[in-house]
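Breakdown of the fold
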Amino acid sequence: MATAGKVIKCRAAVAWEPNVPLMIEEIEVAPPQEGEIRIKVVATGVCHTDLYHPFEGKDKRGFPTVLGHEGAGVVESVGPGVTDFKPGDKVIPLFLSQCGECRFCKCQKTNLCDRSWSSKYYDIMSDPTTRFTCRGQPILQFMGTSTFSEYTVINQIAVVKIADDAPLDRVCLLSCGVSTGYGAAVNTAGVTPGSVCAVFGLGAIGLAAVMGCKNAGASRIFAVDINEKKFEKAKVFGATDFLNPKAYDKPISEVLAELTNGGVDFSLECVGNTEVMRTALESCVKGWGVSVLVGWTDVKEFSAKPIQLISGKTWKGSLFGGFKSKESVPNLVGNYMNGKIKLDEFITHKMSLEQVNDAINLMKTGDCIRCILNISK
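Parameters at a glance
For every chain, the first residue of the written sequence is number 1, and numbering continues from 1 onward in sequence order. Where local features are concerned, this predicted model is filtered to residues with pLDDT of at least 70; where side-chain atom pairs are given and counted, the filter is 80 or more; whole-chain, interface and lining totals use all residues. Neither water nor hydrogens contribute to the side-chain values; these are computed over all heavy atoms in the structure. Each helix is a run of H or I in the DSSP string that is no shorter than four residues. Each strand is a run of E no shorter than two, and both are numbered from the N terminus. The buried label goes to any residue with under 20% of its type's maximum accessible area, the exposed label to any with over 50%, and the partly exposed label to all in between, with areas taken from a 1.4 Å probe on protein chains only. Note on contacts: a residue pair qualifies if any of its non-hydrogen atoms lie within 4.5 Å across the two residues. Accessible surface area values rest on a Shrake-Rupley calculation with a 1.4 Å probe, where residue burial reflects the displayed protein chains alone. Residues scored as charged are limited to Lys and Arg (positive) and Asp and Glu (negative), so that His and the chain ends carry no count. Where a charge lies is defined by one atom per residue type, namely NZ (Lys), CZ (Arg), CG (Asp) and CD (Glu). Pairing between strands requires that DSSP locate at least two bridges from one strand to the other. When the strands point away from the viewer and the path from the first strand over the helix to the second turns clockwise, the crossover is right-handed. Along the arc lie the directions from the helix axis toward the C-beta atoms. In protein, a polar contact means a hydrogen-donor-capable atom and an acceptor-capable atom, both N or O and within 3.5 Å, with residues adjacent in sequence counting only if both atoms are side-chain atoms; elsewhere, any N or O pair within 3.5 Å suffices. Aromatic pairs are defined between Phe, Tyr and Trp rings, using the six-membered ring for Trp, whenever the two ring centres lie within 6.5 Å; interplanar angles under 30 degrees are classed as stacked, those over 60 as edge-to-face, and all others as tilted. The angle between two axes is taken between their N-to-C directions and runs from 0 to 180 degrees, where each axis is a line fitted to C-alpha atoms and a helix contributes only its stretch in contact. The scheme is simple: roughly parallel for angles under 35 degrees, roughly antiparallel for over 145, roughly perpendicular for 65 to 115, oblique for anything else. Any residue that is not Ala, Val, Leu, Ile, Met, Phe, Trp, Tyr, Cys, Pro, Asp, Glu, Lys or Arg is counted as polar, Gly included; the first ten are nonpolar and the last four charged. Throughout this description, the term nonpolar core refers to a set of buried Ala, Val, Leu, Ile, Met, Phe, Trp, Tyr and Cys residues connected via side-chain atoms within 4.5 Å.

Scanning the chain from terminus to terminus reveals 11 helices and 18 strands. The principal-axis extent of the C-alpha atoms belonging to the chain is close to 65 × 40 × 35 Å. Looking at the chain as a whole, 55% of its 377 residues qualify as buried. The long-range share in the chain, meaning contacts at least 24 apart out of those at least 6 apart in sequence, stands at 69%. For the chain, the exposed area adds up to about 15800 Å²; of that, 50% sits on carbon and sulfur atoms. Averaging the positions of the 41 positive and the 40 negative side-chain charges in the chain gives two centres separated by 2 Å.

Structure, rendered in structure tokens:
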């Protein structure tokens, strides 16, 4: 392409500091270096983590930055040493890399990667190395991806090639939210046929967890949320029962215990709230109940009474649904194309990059499951 090897000037939504609206700026995107790929971003979802970092997290470092980590696009150019990608390839950037060489990548027990930005810099949500500049200063690349930009540069260990006929404005959801919730159910929890499940929080991740429980063969799936407007959507993904904790004068864990003869077999916390994490654990049946932490937060500590675990319950965490990223995302794209998993049903809004602050506000109010930003043609 004519732009290969040159600095590209393009639009991006820059978060200059915490707790202020994003600004649409013209940024400079440097050419890819050794092992890197420059990608033209076509579409991106707006995930709660894009809201968490500037508006809920307590760490004032990690700014200025370009947010966005749930995108899909087309390869514009590749740096030296890149042989598995070429200009024109449809790709999905990954916030969780898979180098294939570190001890974590070689271990089938985990999907972590020692070369991921999160191994050293999870507190500021960015590697300090960046290919972005704006107004003469470096701009960080959020979660190693920064899909709220028309172009981005990413290491090849965090990019995966997908089918040429995959619709980018839908499969972008597989780069974070849907894979995270779906995998938390089918991989981390290991939901079994005939089991009883409870999913706490019915955002995109929670709905994906519901879908995972359904596809794994759960016989009963409780959808738990204080926003009853989400119950109808949860039914689409397979939920069978619906509970609003505010509608009861007792803890929802006690309500679930009464409805399920002692508690559910599997519970998934998809909010990122430490109190809900404890409630999800307490909602499990003793002896074999499994509770999984899926919602992201790093602000507060969580706790529970030891008897909850001594009695035989298991408390686990899940990152990206337990999927090894580069080897799993193409399969998930195929599952969508074959009708095995849903994506279209998550999308409630579509907007332009200039409307990014409106999309974030929709997330704050809970009036949106997923908003897709159309970044470029």
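More follows now that the structure is in view.
The next thing to look at is the pairing of strand 17 (residues 347-352). Bridging between strand 17 and strand 18 (residues 370-374) involves five bridges; their strand directions are parallel. Directly across from Ser-352, in strand 18, lies its bridge partner Asn-374. Taken together, strand 17, helix 11 (residues 356-365) and strand 18 constitute a β-α-β crossover, and its handedness is right-handed.

Next up on the list: helix 8 (residues 274-282). Of all the residues in helix 8, the buried ones are Thr-274, Met-277, Ala-280 and Leu-281. The buried residues of helix 8 occupy one face: seen down the axis, they fall within an arc of 110 degrees. Buried residues belonging to helix 8 abut strand 11 (196-200), strand 14 (266-269), strand 15 (290-293), helix 9 (307-310) and strand 16 (314-317). A side-chain oxygen of the first residue of helix 8 lies 2.8 Å from the backbone nitrogen of Glu-275; this N-cap is Asn-273.

On to the environment of Leu-373, then. Within the secondary structure, Leu-373 sits in strand 18. Take Leu-373: its relative accessible area is 0%, and that puts it in the buried class. Leu-373 has contacts with Val-42, Ala-43, Thr-44, Val-46, Phe-148, Met-351, Ser-352, Val-356 and Ala-359, leaving out every residue within four places of it along the chain.

Strand 1 (residues 8-15) sits mainly inside the fold: six of its eight residues count as buried. Pairing of strand 1 with strand 2 (residues 23-29), which is carried by seven bridges, proceeds in the antiparallel orientation. The residue of strand 2 that forms the bridge with Arg-11 is Glu-26. The pairing of strand 1 with strand 4 (residues 65-66) spans two bridges and is antiparallel. Bridging from a neighbouring strand, Val-14 pairs with Val-66 of strand 4.

Quick look at the packing of aromatic side chains now. All chains considered together, the criterion is met by four aromatic pairs. Centre to centre, the rings of Phe-95 and Phe-320 are 5.5 Å apart; their planes meet at 90 degrees, and the pair counts as edge-to-face. One end of the pair, Phe-95, is in the loop between strand 6 (90-93) and helix 2 (118-121); the other, Phe-320, is in the loop between strand 16 and helix 10 (325-337), and 225 residues separate them in sequence. Ring geometry for Phe-231 versus Phe-242: centroids 5.5 Å apart, planes at 40 degrees, classification tilted. Within this pair, whereas Phe-231 is found in helix 6 (residues 231-237), its partner Phe-242 is found in strand 13 (residues 241-243), the two being separated by 11 residues in sequence.

Below, the discussion takes up the sheet that holds strand 15. Spatially, 13-12-11-14-15-16 is the arrangement adopted by the six strands of the open sheet, whose pairing is parallel. Of all strands in the sheet, those bounded by a partner on one side alone are strand 13 and strand 16. Between one strand axis and the next, the sheet turns by 20 degrees as a mean value, whatever way the strands run. Note that strand 11 and strand 12 (residues 220-224) share five bridges and pair parallel. When the bridges of strand 12 are listed, Ala-198 appears paired with Phe-222. Sheet contacts for helix 8: strand 11, strand 14, strand 15 and strand 16; angle to strand 14, the most-contacted strand, approximately 175 degrees.

Once that is clear, we can look at the side chain of Ser-376. Topologically, Ser-376 is positioned in the segment after strand 18. Given a relative accessible area of 16%, Ser-376 falls into the buried group. Within the structure, the side chain of Ser-376 is placed 2.4 Å from the backbone oxygen of Val-41, a separation counted as a polar contact. The contacts of Ser-376, once residues within four sequence positions are left out, are Lys-40, Val-41, Val-42 and Glu-150.

At a minimum axis separation of 10 Å, helix 1 (residues 48-55) and helix 11 run at an interaxial angle of 95 degrees. Here helix 11 runs roughly perpendicular to helix 1, going by the angle between their axes. Each of His-48, Leu-51 and Phe-55 in helix 1 lies in contact with helix 11, whose residues at this interface are Ile-360, Met-363 and Lys-364. Class assignment of the residues belonging to the contact of helix 1 with helix 11 gives a composition of four nonpolar, one polar and one charged.

Next up on the list: the nonpolar core. The biggest cluster of nonpolar side chains holds 97 residues, and the ones touching the most others in it are Phe-148, Val-171, Leu-268 and Phe-346. Per-element tally for this core: the top contributor is helix 5 (residues 204-215), with eight residues. Contacts of Leu-268, omitting those with residues within four sequence positions, involve Ala-184, Ala-185, Ala-189, Ala-198, Val-199, Phe-200, Ala-209, Cys-213, Val-292 and Val-294. In this structure, Phe-222, Leu-243, Ala-280 and Cys-284 belong to the second largest nonpolar core, which totals 12 residues.

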